[in-house]
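Close look at the chain arrangement
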Amino acid sequence: MGVSRGGFSSRLGFIMAAAGSAVGLGNIWGFPTQTASNGGAAFVLVYLVLAFCLAYPAFMAELLIGRYGQANAVTSMQKIARNTREKRFGFVVGFGGIICAALILSFYGIIAGWMISYAVEPLALLAGFNESANWLTNHSLTRNILFTTCFMALTIFIIRRGVEQGIEKWSKRLMPMLIGLLILLIIYVFTLDGSRAGFEAYLNPDISRVLEPDLLISALGQAFFSLSLGTSVMIIYGSYIAKKENLVTLGAQVTLIDVSIAFLAGLLIIPAMYVAQAQGVAIFAEDGSLISGSNLVFTVLPALFSGMGYVGLFVAFGFFVLMSIAALTSSISMLEGPVSFAVERHDIPREKATTMIGLGILLLSTIIVVNLDWMLDFVAILSTQYGQPIIAMLCCIFAGWVWQRSGILAEIKQGNAEVEHSVFWKIWPWYTKFVCPTAIALVFWHSLAS
Ligand code: PFF
């Protein structure tokens, strides 16, 4: 791998970084709330199947394009293209992904800022600063701008340091902390009254719901968001992997970690909701549907923590630190896409490019914060419900129709000499060519119609 552009120094470094990108607010907040509002275990089951059967093949396409190109998303795609038309197509897909990542970061950073302010609140209470604690949990403009800026500053700080010293080093530090905190919190919630009902709701599938179209759409959308597809992120992370590594296994390992952490997060959040209910906190809205979305994390769970008294302060701190870490390992991957493009295509030094792009995205976040009532949802829907599926689909089309089979095989064979005779190679090319684009298009079309 080119020394000047850097790369992951080890297999573990890549796994932690890619799993860090994949595991984020989508796993710890999105997945459990989607599960809770979509029939519990039935959703989990469908999610598992779709993550491995549809998201994993699309994920492999992005990783392979990046590893082949050993460059930012646009250059990697254009290296595969053979004529001007294909090069233009490559540009649209690669650059589209970069824009999509920047848009996601602009709203993700705001929510991550809330997580940090909720993590500081118990510390303020412990120190006796009750008024400040109140301010920290009130959604004021100043608080939002201040904490979004803090979060973006952390993201910029890590990305300025590059792939090995920034992304890899911090992912290796933060991911074990995240997993440790998650397990500790699950064990604690397990000891509380009411958690058993939550475990049952989470683990007993209502098989009759498995084929409901809305459930399928939500599960596929969740799987794509979770694996950070359609954002150029996995192309750029793929480009930092050494040629000697076995991509098929690495991709499967990252998918497995992502899915497992989402599953673990469900084991924490859903029982915690039932514990809250046992303590008299409303977890169902007036129409009988489950309270989810922002109310779950910022209302139901804080009510649960405050019912625990003194211990609750530590649990709340642990929970919101967990959320903040998850968000940070994802946000760094979103910033890396545009930064690598600016560094490699426009010869801007990494530190300068990171600061400039980071500040540009922060400016957009500030505009969103000022118009929070409509703009947050607008940018989130635009980037995750439109941008991601469209770009992910185009990426599969690119890998399936533009990239020649022999070229793909030669790339995968590096690090996996036997792949030609494996089940993966028998299925994946067809999948990427026909099944993935069709399935994504169907889901996209259906979600537009509904
Ligand atoms: N995968 C992240 C999550 O589940 O929260 C979200 C994400 C990260 C989306 C990186 C897009 C991206 F480029």
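Residues numbered from 1 in each chain as written. Predicted model: local features only at pLDDT ≥ 70, side-chain atom pairs only at ≥ 80, totals over all residues. Heavy atoms only, no water.

**As for the overall build of the protein chain**
Definition in use: For helices the rule is a DSSP run of H or I covering at least 4 residues; for strands it is a run of E covering at least 2, with both sets numbered from the N terminus onward. Atoms counted for the radius of gyration: C-alpha only. Globule rule: 2.2 Å times the number of residues to the power 0.38. Burial classes: relative accessible area under 20% of the type maximum marks a residue as buried, over 50% as exposed, and values in between as partly exposed (1.4 Å probe, protein chains only). In what follows, residue pairs with any heavy atoms lying within 4.5 Å of each other are defined as contacts. For the accessible areas, the method is Shrake-Rupley and the probe is 1.4 Å, while residue cover comes only from the protein chains on display.
The number of helices and strands found in the protein chain is 18 helices and 0 strands. Against the compact-globule benchmark of 22 Å for 450 residues, the protein chain has a radius of gyration of 21 Å, which places it among compact chains. Seen through its C-alpha atoms, the protein chain measures out along the principal axes to roughly 65 × 50 × 40 Å. For the protein chain, the residues scored as buried account for 57% of the 450 residues in total. For the protein chain, long-range pairs separated by at least 24 residues make up 81% of all intrachain contacts whose partners lie at least 6 apart in sequence. Accessible surface, the protein chain: about 18000 Å² in total, of which carbon and sulfur atoms supply 66%.

**Quick word on the packing of helix α5 (residues 84-126) against helix α15 (residues 350-370)**
To keep it simple, the criterion reads: Axis lines are fitted to C-alpha atoms, over the contacting stretch for helices. Their N-to-C directions set the angle, which ranges from 0 to 180 degrees. Should an angle fall under 35 degrees it is taken as roughly parallel, and over 145 as roughly antiparallel, whereas 65 to 115 is taken as roughly perpendicular and any remaining angle as oblique. Handedness of a helix crossing follows the sense of rotation of the near helix relative to the far helix, less than a right angle counterclockwise being left-handed and clockwise being right-handed. Only Asp, Glu, Lys and Arg are considered charged, only Ala, Val, Leu, Ile, Met, Phe, Trp, Tyr, Cys and Pro nonpolar, and every remaining residue, Gly among them, polar.
Across the interface, α5 lies against α15 with an axial gap of 9 Å and an inter-helix angle of 55 degrees. The angle between α5 and α15 places the two elements in the oblique class. Judged by the sense of rotation from one axis to the other, the crossing of α5 with α15 is right-handed. Residues Ala 102, Leu 103, Leu 105, Ser 106, Phe 107 and Ile 110 of α5 touch α15, and the partners they reach there are Ile 361, Leu 364, Ser 365, Ile 368 and Val 369. Residue composition of the contact of α5 with α15, by class: 9 nonpolar, 2 polar and no charged.

**Remarks on the packing of aromatic side chains**
Put simply, the rule is: For Phe, Tyr and Trp, rings pair up if their centres lie within 6.5 Å, where Trp contributes its six-membered ring, and each pair is then called stacked (planes under 30 degrees apart), edge-to-face (over 60) or tilted (otherwise).
Inspection of the entire model under this criterion finds 30 aromatic pairs. An angle of 85 degrees between the planes, with centres 5.8 Å apart, marks the rings of Trp 29 and Phe 298 as edge-to-face. Residue Trp 29 is located in helix α2 (residues 25-37), and its partner Phe 298 is located in helix α13 (residues 293-307); the two are separated by 269 residues in the primary sequence. Here Trp 29 and Phe 298 have matching classes, each one buried. Between the aromatic rings of Tyr 386 and Phe 444, the centroid separation amounts to 5.9 Å while the plane-to-plane angle is 85 degrees, which identifies the pairing as edge-to-face.

**What to know about α15**
So the rule is basically this: Any helix carries an expected span of 1.5 Å times its number of residues minus one. Relevant arc is that of directions from the helix axis to the C-beta atoms, nothing else.
An ideal rise of 1.5 Å per residue puts 30 Å on 21 residues; α15 measures up with 30 Å between its terminal C-alpha atoms. Of all the positions in α15, only Arg 350, Ala 353, Thr 354, Gly 358, Ile 361, Leu 362, Ser 365, Ile 368 and Val 369 are classed as buried. The buried residues of α15 occupy an angular sector of 155 degrees when projected down its axis, which confines them to one face. More than 90 degrees from the buried face of α15, the exposed residues found are Lys 352, Leu 363 and Val 370. Lining the buried residues of α15 we find α5, α7 (141-160), α8 (162-190), α14 (310-346) and α16 (372-402).

**A closer look at the site of the ligand**
Quick note on the threshold: We call a residue near a molecule or strand as soon as one heavy atom of that residue lies within 4 Å of the molecule or strand.
Around the ligand lies a shell of 16 residues, among which Ala 22, Gly 26, Tyr 108, Ser 226 and Thr 231 are the nearest. Isolated, the ligand exposes 340 Å² of accessible area, and the fraction of that covered by the protein chains is 100%. Among the secondary structure elements, those contributing two or more residues to the shell around the ligand are α1 (11-22), α2, α5, α10 (213-226) and α14. Across the shell around the ligand, the residue classes break down as 7 nonpolar, 9 polar and no charged.

**Some words on a nonpolar patch on the surface**
Threshold: A residue counts toward a patch only above 30% relative accessible area and without a salt bridge, and it is joined to like-charged neighbours within 9 Å or, for Val, Leu, Ile, Met, Phe, Trp and Tyr, to nonpolar neighbours within 5 Å. Put simply, a salt bridge is a Lys or Arg side-chain nitrogen that is within 4 Å of an Asp or Glu carboxyl oxygen.
On the surface, Trp 374, Phe 378, Ile 381, Leu 382, Tyr 386, Ile 390 and Leu 448 cluster together into a nonpolar patch covering about 640 Å² of accessible area. Of all the elements, α16 adds the most residues to the nonpolar patch, at 6 residues. If you trace the backbone, Leu 448 turns up in helix α18 (residues 423-449).

**Notes on the pattern of salt bridges**
Tallied over the full model, the rule gives 11 salt bridges. Note that Glu 245 and Arg 11 form a salt bridge whose closest N and O atoms lie 2.8 Å from each other. Here Glu 245 is found in the loop between α11 (233-239) and α12 (247-278), whereas its partner Arg 11 is found in helix α1, with 234 residues between them in sequence. You can call Glu 245 buried: its relative accessible area is 6%. A salt bridge links Arg 160 to Glu 351, with the shortest nitrogen-to-oxygen separation between them at 3.0 Å. Separated by 191 residues along the polypeptide, Arg 160 in helix α7 and Glu 351 in helix α15 bring together distant segments of the chain.

**Brief notes about the nonpolar core**
One recurring pattern in soluble globular proteins is that nonpolar side chains are buried together. Put simply, the rule is: Remark: nonpolar core denotes a set of buried residues (Ala, Val, Leu, Ile, Met, Phe, Trp, Tyr, Cys) joined through side-chain atoms within 4.5 Å.
One finds Phe 14 and Phe 319 to be the most contacted residues of the largest nonpolar core, which totals 163 residues. With 18 residues, α5 is the single largest residue contributor to this core. Beyond its immediate stretch of four places on either side in the chain, Phe 14 contacts Phe 8, Ala 19, Leu 63, Tyr 237, Ile 241, Leu 250 and Val 254.

**Re the packing of α1 against α8**
One can describe the packing of α1 onto α8 by two numbers: an axis separation of 8 Å at closest approach and a directional angle of 75 degrees. As the angle between them shows, α1 and α8 are arranged roughly perpendicular. Together, Leu 12, Gly 13, Met 16, Ala 17, Ala 19 and Gly 20 of α1 and Ile 167, Glu 168, Ser 171, Lys 172 and Met 175 of α8 make up the contact between the two elements. Along the lines of polarity and charge, the residues of the contact of α1 with α8 split into 6 nonpolar, 3 polar and 2 charged.

**Comments concerning helix α17 (residues 405-413)**
Of all the residues in α17, the buried ones are Ile 408, Leu 409, Glu 411 and Ile 412. The arc that holds the buried residues of α17, viewed along the axis, is 160 degrees, so those residues lie on one side. If you follow the buried residues of α17, they end up packed against α3 (41-69), α12, α16 and α18. Within two residues after α17, Gly 415 carries a phi angle of roughly 95 degrees, on the positive side.

**Describing the side chain of Asn 27**
Definition in use: Throughout this description, a polar contact denotes any pair of N or O atoms lying within 3.5 Å of each other; where both atoms belong to protein, one of them has to be capable of donating a hydrogen while the other can accept it, and for residues adjacent in sequence the pair is counted only when both atoms sit in side chains.
Among the secondary structure elements, Asn 27 is positioned in helix α2. For Asn 27, a relative accessible area of 0% gives the class buried. At 2.7 Å, the side chain of Asn 27 and the side chain of Asp 258 are in polar contact. Not counting residues within four places of it along the chain, the set of residues in contact with Asn 27 comprises Ala 22, Pro 32, Gln 222, Ser 226, Asp 258, Ala 262 and Ala 265.

**Quick notes on the environment of Ser 447**
Assignment of secondary structure puts Ser 447 in helix α18. Distance from Ser 447 to Ile 187, taken between C-alpha atoms, is 37 Å for residues 260 residues apart in sequence.

So far we have only geometry, and geometry alone does not tell us how the molecule works.
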